[in-house]
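These are the residues of each chain, in order.
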Amino acid sequence: MGSRRGRQHPGVAEGSQAPEPGGRGASGRGGRGHGGPHAQQASQGARGGNRGRGGWHTSRADEAQQQPRGHPGEYPGRGQPRGGTRPQQYRRGGRGGHGAGPSSTESSNTLASDLRQAMEPPHEFAQASPMQAGPSESPPEAPRIESREQHKQVPVQAEASVGQEILPAIPSSAKSVRFPLRPGKGSVGTRCLVKANHFFAELPDKDLHQYDVSITPEVTSRIVSRAIIKELVNRYKESYLGGRLPAYDGRKSLYTAGPLPFTSQEFPIALLDDDDGSGPERRRRNFKVVIKFAARADLHRLELFLAGRHAEAPQEALQVLDIVLRELPSARYAPFGRSFFSPDLGRRQPLGDGLESWRGFYQSIRPTQMGLSLNIDMSATAFIEPLPVIDFIVQLLNSDIHARPLSDAERVKIKKALRGVKVEVTHRGNMRRKYRISGLTVPTTRELTFPVDEGGTVKSVVQYFQETYGFAIQHTYLPCLTVGNRQPPNYLPMEVCKIVEGQRYSKRLNQNQIRALLEETCQHPRERERDIIRMVKHNAYDKDDYAKEFGIKISDRLASVEARILPAPRLKYNETGREKDCLPIVGQWNMRDKKMVNGGKVRSWMCVNFARNVQESVVRGFCHELAVMCQASGMDFAREPVLPPLNARPDQVERALKARYHDAMSILGPQRKELDLLIGILPDNNGSLYGDLKRICEIDLGIVSQCCCTKQVFKMTKQILANLALKINVKVGGRNTVLVDAVSRRIPLVTDRPTIIFGADVTHPHPGEDSSPSIAAVVASQDWPEVTKYAGLVSAQAHRQELIEDLYKVWQDPQRGTVSGGMIRELLISFKRSTGEKPQRIIFYRDGVSEGQFYQVLLYELSAIRKACASLEANYQPKVTFIVVQKRHHTRLFAHNHNDKNSIDRSGNILPGTVVDSKICHPTEFDFYLCSHAGIKGTSRPAHYHVLWDENNFTADALQTLTNNLCYTSIPPAYYAHLAAFRARFYMEPETSDSGSVASGHAGHGPQSGPSASRSARGPGGSAVRPLPTLKDSVKRVMFYC
């Protein structure tokens, strides 16, 4: 299998990161990364005695007629589980972003449009017998949950079906939810020590006071606000502020260590404005600042919370400490979010097109089991190079413009790149006025005139600069910059402007810039650890005036943390291979002497080569070797393609693919055969070609594809060929391996009863794309007990909406009446079709949720899961465990001794399977860090798992082991969802086709069933989110997105 050591970005030619053979000499080394789905075994079609009993509707006609179980917002009340299980607890919400989401009685018409599709089961599976879901009656309303402080038992449902366990009711708001407490710490695995980039922070023993700040006239810029308060402190610290040094958040709040000598005070402040960009001289601006006592921050509650004796995290106290520790770096460096950047913190690295990378660091105060912790990590981001504007344009266009006018396309590109950028003038000696660019003029500089008086006298820009400043404009053929926001606008010739240093580039980077930035940030673990320690010492928190003022002390040593290395699971392969199972070592294994547990069928295939530097003979040889490898690995794979490989131009991808597909089908059609696979050979730097190919194959032609980049074709090692074979097998419905423990029913809380595992994610548009929708994706396992094959659904929804709107919905159809649908419902039906079993347990891995959104996402999406289940069968409520998976955090784990070869992998990272659930984790809640894969390059980032709801009462060992083991037969479910969502964005982003027309805007997955044609989510400004185009049925049935 492909090495577990890294995940390939879905936008890159597939398989391009195959690891080196490493002297193994045979087939490709195995790994978790490319396991995946499998063809359902024929024997499973008859498994289970419940087929035909108590089933759900499985035909679309039946689904359309099914009525929802009562009002969309009501649930059967549920109480404590039986059998002495751990009760779910509740507390008032204290984490940021408390929005409760839609109420339990809110109509489902706020959900997104029907933009999804279910993966149909293979045709050989028998349909489950239909079961009428009962009359359309409203179930009992969920009982009200009392607050935790009242210590009342959760009421139970008045009536329940015989033998059904009673589950806790879903809290109606964040005030009543309490995330599960940690069920003890795990013990499975080999104990070891690791270091984490967390630094112990000693709590201050001073009273913290909060004051409201009001600035008149109102200021919207944090930079200006900070300058005003800085001036106030400089002038009045000793006289009016009692010698105290306050910390300011840049907006409305100011904090002090102890009280100020007043409850309310007004201060006059004057600033010289050097950044107006509209007047001839710097203006002196006068402000009135009012500081008024607001509250005291309660540090005692924070101490209780850290000690586990208080359930609610005191966000106010944490916010004060965070602001205090940000004061000094905010003054020294360029702050963006929780990170700080400076050209003095490391070498500048050019990224191309007028951009450069700056090094910096991330800093955040966090409550942990060891007390308060300061999380410090290295970071880098793109800044605009402080170049003369003309030099910037030369880099942007990659063309010399010193002797020619601009084309219309170049003008548009320049305007887009420079709008909002701050520049300073260079033609006035030491007077470097700063302006913000608002656009470009249409006329060139030599053609541009403006009125100089009310009598209508006009003067040219060239003449004005010559007479006023004695400056002769050289580049009169270029347009001028328009600056400021005055009417008429101010004009500045490009050659007198230089970009101001320190402006972060927040728009989308191109492929080359991303590659250069990744190279800059990719550090060996030993180097990253060294740089973090240097940064902490450089910041000198012990000498920070603000930290000393507030009594905060920061350790300069990395936290030493107890960890465990979970054992790798034994993997089962096909009985016809020489090795029928294997035990991975350090997260790796190979396919030598092994065959896929279920090989897929590829009876007809073709190849199209878009790489001009790959000769036809090389393409033929590559295709032959790949076919041989697929056969040797256990696939039923035809040795020869339907047609010889075709060479095509990248700018004619649509024309070439459709013409070649037509030629192939003219041969296969009369034989009643279909084309099973396209192999595409792409240049290493392929731009939009990869996405175009995927869109055409999956939306228009209905075939799965495997892309290979040029360097793979030229290398053609067995390692590369084996990894490609494993990816192809997954895409055509095969499966590579399964867990031995799954087949023998030895996975706790999974194999003892039918269990479905979900993965969900939402991907958002790139910065600057203000009109593009967000894409939600949900995948779910379709086999049991093996849990290796996943069906995927995607949905377009409102711009930057994190809640998955299409999990469950109810709509009114003129002919059919009330109709239920949504992603969860369709995936549950699909599971029933594939396995013949109704899931009795749901495990839901949710990716991409920040801590501030925990309550909102849990309340909304757990509610949708329950509603979807209830719509299928009266009183059908399988137990749910809801887990958030976070990758965008800054915790890094390092080996305790980098010289100990037994504690690191070949990349210098911690060993795969390393799990941490102590010290740097939450003081009381059920969370853990898990590094399930070996590293390839740079420092591994462990995934952070946080359990938000657990009716299955997982132990720490059971959940950690399950999560780790899932990564060996496939990739984590949440990452499958990420891949599906990422793939859907290729369908929706408009691209120009060969004929010059624009391709369909939004693309999607899903039959246009239900209200999809008329209902849609609302985008910015109330505009509708267009539905995604429908995938072909032949693609829906397989894991095309892998």
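Because the structure is a prediction, the values reported are computed rather than measured. Numbering of residues starts from 1 in each chain and follows the order in which that chain's sequence is written. Local features in a predicted model are, by the rule used here, given only for residues with pLDDT of at least 70; side-chain atom pairs are given and counted only at 80 or more, and totals for whole chains, interfaces and linings are based on all residues. Each side-chain value is worked out from all heavy atoms of the structure, with water and hydrogens disregarded.

Draft legend 1. Structural detail: the environment of Lys-1032. A run of DSSP states H or I qualifies as a helix once it reaches four residues; a run of E qualifies as a strand once it reaches two. Both are numbered from the N-terminal end. Mapped onto the elements of the fold, Lys-1032 is located in the loop between helix 20 (973–988) and helix 21 (1033–1036). Relative accessible area decides the class of each residue, using a 1.4 Å probe on protein chains only: under 20% of the type maximum gives buried, over 50% gives exposed, and in between gives partly exposed. Judged by its relative accessible area of 37%, Lys-1032 falls in the partly exposed class. Measuring from C-alpha to C-alpha, the distance between Lys-1032 and Glu-698 comes to 6.5 Å, with 334 residues separating the pair along the chain. Setting aside residues up to four positions removed in sequence, Lys-1032 forms contacts with Glu-698, Ile-699, Asp-700, Leu-701 and Gly-702. Whether two residues touch is decided by their heavy atoms; if any such pair falls within 4.5 Å, the residues are in contact.

Draft legend 2. Looking closely at the sheet that holds strand 29 (residues 646–647). Strands are treated as partners if at least two bridges between them are detected by DSSP. Reading across the sheet, the four strands line up as 29-27-30-31 and stay open at both edges, with parallel pairing between neighbours. The two strands at the open ends of the sheet, each matched to only one other strand, are strand 29 and strand 31 (704–709). Pairing between strand 30 (residues 677–682) and strand 31: six bridges, direction parallel. What sits directly across from Gly-680, in strand 31, is Cys-707. Against the sheet, helix 13 (residues 689–701) engages strand 30 and strand 31, with an angle of about 165° to strand 31. Between the N-to-C directions of two axes lies an angle of 0 to 180 degrees, each axis being a line fitted to C-alpha atoms and, for a helix, fitted only over the stretch in contact.

Draft legend 3. Region of the structure containing the environment of Ser-555. With respect to the helices and strands, Ser-555 occurs in the loop between strand 21 (553–554) and strand 22 (559–565). It is 9.7 Å that separates the C-alpha atoms of Ser-555 and Lys-537, two residues lying 18 residues apart in sequence. For Ser-555, the contacting residues outside a window of four places in its chain are Phe-199, Phe-200 and Val-536. Counted as a polar contact is a pair of N or O atoms within 3.5 Å, where, for protein atoms, one must be capable of donating a hydrogen and the other of accepting one, and residues adjacent in sequence contribute only when both atoms are in side chains. Separated by 3.1 Å, the side chain of Ser-555 and the backbone nitrogen of Arg-557 make a polar contact.

Draft legend 4. A look at helix 12 (residues 653–668). Given a helix with a known number of residues, its expected span is that number minus one, times 1.5 Å. Here helix 12 spans 22 Å end to end across 16 residues, near enough to the 22 Å set by a 1.5 Å rise per residue. Among all positions in helix 12, only Val-653, Glu-654, Ala-656, Leu-657, Arg-660, Tyr-661, Ala-664, Met-665 and Leu-668 are buried. Down the axis of helix 12, the sector holding all buried residues measures 165°, keeping them to one side. Check the buried side of helix 12 and you find it contacts strand 27 (605–609), strand 29, strand 30 and helix 13. Arc, as used here, means the arc of the directions from the helix axis to the C-beta atoms.

Draft legend 5. Fine view of the sheet that holds strand 23 (residues 571–572). Reading across from one edge, 24-23-32 is the order of the three strands in this open sheet, with antiparallel pairing throughout. The outermost strands of the open sheet, each flanked by one partner alone, are strand 24 (581–582) and strand 32 (738–739). Relative to strand 24, strand 23 runs antiparallel, the two being bridged by two bridges. Pairing of Leu-571 across the sheet is with Cys-582, part of strand 24.

Draft legend 6. The packing of aromatic side chains, seen in detail. For this analysis, a ring pair means two rings from Phe, Tyr or Trp (six-membered ring only for Trp) whose centres lie within 6.5 Å, classed as stacked if their planes differ by under 30 degrees, edge-to-face if by over 60, and tilted for the remaining angles. Counting across every chain of the model gives 28 aromatic pairs. Aromatic pair Tyr-845 and Tyr-945: ring centres 6.3 Å apart, planes at 80°, arrangement edge-to-face. Of this pair, Tyr-845 sits in strand 38 (residues 841–847) while Tyr-945 sits in strand 43 (residues 943–950), and the two are 100 residues apart along the sequence. You can call Tyr-945 buried: its relative accessible area is 4%. Consider the rings of Phe-982 and Phe-986, whose centres lie 5.6 Å apart with planes at 90°: the pair is edge-to-face. Placement of the pair is Phe-982 and Phe-986 together in helix 20, with a separation of four residues, close to one helical turn. With a relative accessible area of 17%, Phe-986 lands in the buried category. Look at NZ for Lys and CZ for Arg. If either is within 6 Å of the ring centre and within 35 degrees of the ring normal, a charge sits over the ring. One cation-aromatic arrangement involves Arg-504 over Phe-336; the distance from NZ or CZ to the ring centre is 5.5 Å.

Draft legend 7. Spotlight on the side chain of Thr-818. Relative to the helices and strands, Thr-818 resides in strand 37 (residues 817–821). A distance of 2.7 Å separates a polar atom in the side chain of Thr-818 from a polar atom in the side chain of Gln-812.

Draft legend 8. Quick look at the nonpolar core. Take the buried Ala, Val, Leu, Ile, Met, Phe, Trp, Tyr and Cys residues and link them wherever side-chain atoms come within 4.5 Å; each set so joined is a nonpolar core. By size, the foremost hydrophobic cluster in this structure holds 113 residues, and its most contacted members are Trp-605, Phe-610, Leu-657, Tyr-845 and Tyr-1041. Sort the elements by how many residues they give to this core and helix 20 lands first, with eleven residues. Leaving out residues up to four positions away in the same chain, Phe-610 has contacts with Ala-648, Arg-649, Pro-650, Val-653, Ala-656, Leu-657, Ile-681, Leu-682, Pro-683, Leu-689 and Leu-693. Judged by nonpolar contacts, the second largest core, of 61 residues, contains Ala-201, Val-219, Phe-262 and Leu-302.

Draft legend 9. Geometry of unusual backbone geometry. Between Thr-216 and Pro-217 the backbone carries a cis peptide bond, its omega angle lying at -5°. Cis geometry marks the peptide bond from Trp-784 to Pro-785, where omega comes out at 15°. Despite not being glycine, Asn-398 has its phi angle at roughly 50°, a positive value. Mapped onto the fold, Asn-398 is located in the loop between helix 5 (389–397) and helix 6 (408–418). At Asn-953, a position not held by glycine, the phi torsion is positive, near 55°.

Draft legend 10. Expanded view of the pattern of salt bridges. Any Lys or Arg side-chain nitrogen found within 4 Å of a carboxyl oxygen on Asp or Glu counts as a salt bridge. One pass over the structure, following the stated rule, counts 40 salt bridges. Residues Arg-432 and Glu-424 are paired through a salt bridge, measuring 3.3 Å at the closest nitrogen-oxygen approach. For Glu-424, a relative accessible area of 14% translates into the label buried. Put simply, Arg-846 and Glu-802 hold a salt bridge, and the shortest N to O gap is 3.0 Å. One end of the pair, Arg-846, is in strand 38; the other, Glu-802, is in the loop between strand 35 (790–797) and strand 36 (809–813), and 44 residues separate them in sequence. Accessibility assignment for this pair places Arg-846 and Glu-802 in one class, buried. Here the salt bridges do not stand alone but share partners, grouping Arg-348, Glu-356 and Glu-501 into one network.

Draft legend 11. Expanded view of the environment of Ser-744. Tracing the chain through its elements places Ser-744 in the loop between helix 16 (740–743) and strand 33 (755–763). Taking C-alpha positions, Ser-744 is 9.5 Å from Glu-786, a pair spaced 42 residues apart along the chain. Among the polar contacts made by the side chain of Ser-744, one reaches the main-chain carbonyl oxygen of Asp-741 at a distance of 3.5 Å. Here the side chain of Ser-744 touches Arg-746 through a polar contact of 3.4 Å, side chain to side chain.

Draft legend 12. Spatial organisation of a positive patch on the surface. On the surface, Arg-800, Lys-887, Arg-888 and Arg-941 cluster together into a patch of positive charge. As for its position among the elements, Arg-800 is in the loop between strand 35 and strand 36. Patch construction takes residues with relative accessible area above 30% that form no salt bridge. Like charges are linked within 9 Å, and nonpolar side chains (Val, Leu, Ile, Met, Phe, Trp, Tyr) are linked within 5 Å. Only the protein chains shown count as cover for residues, and the accessible areas themselves come from Shrake-Rupley with a 1.4 Å probe. Here the positive residues are Lys and Arg and the negative ones are Asp and Glu; neither His nor the chain ends is included. Charged groups are reduced to one reference atom each: NZ for lysine, CZ for arginine, CG for aspartic acid, CD for glutamic acid.

Draft legend 13. Representation of helix 11 (residues 616–632) within the structure. Taking 1.5 Å per residue, 17 residues should reach 24 Å; helix 11 reaches 24 Å between its end C-alpha atoms and fits that length. Among all positions of helix 11, only Val-619, Phe-622, Cys-623, Leu-626, Ala-627, Met-629 and Cys-630 are buried. Buried residues in helix 11, looked at end-on, bunch into an arc of 160°, giving them a common side. On its buried side, helix 11 packs onto strand 27, strand 28 (636–637), strand 30, strand 31, helix 14 (710–715) and helix 15 (718–731). Backbone geometry just after helix 11 places Gly-634 at a positive phi near 115°.

Draft legend 14. Structural view of the side chain of Ser-940. Along the chain, Ser-940 falls in the loop between strand 42 (927–931) and strand 43. When its relative accessible area of 7% is taken as the criterion, Ser-940 is described as buried. Beyond its immediate sequence surroundings of up to four residues, Ser-940 is in contact with Arg-892, Asn-909, Cys-931, His-933 and Gly-935.

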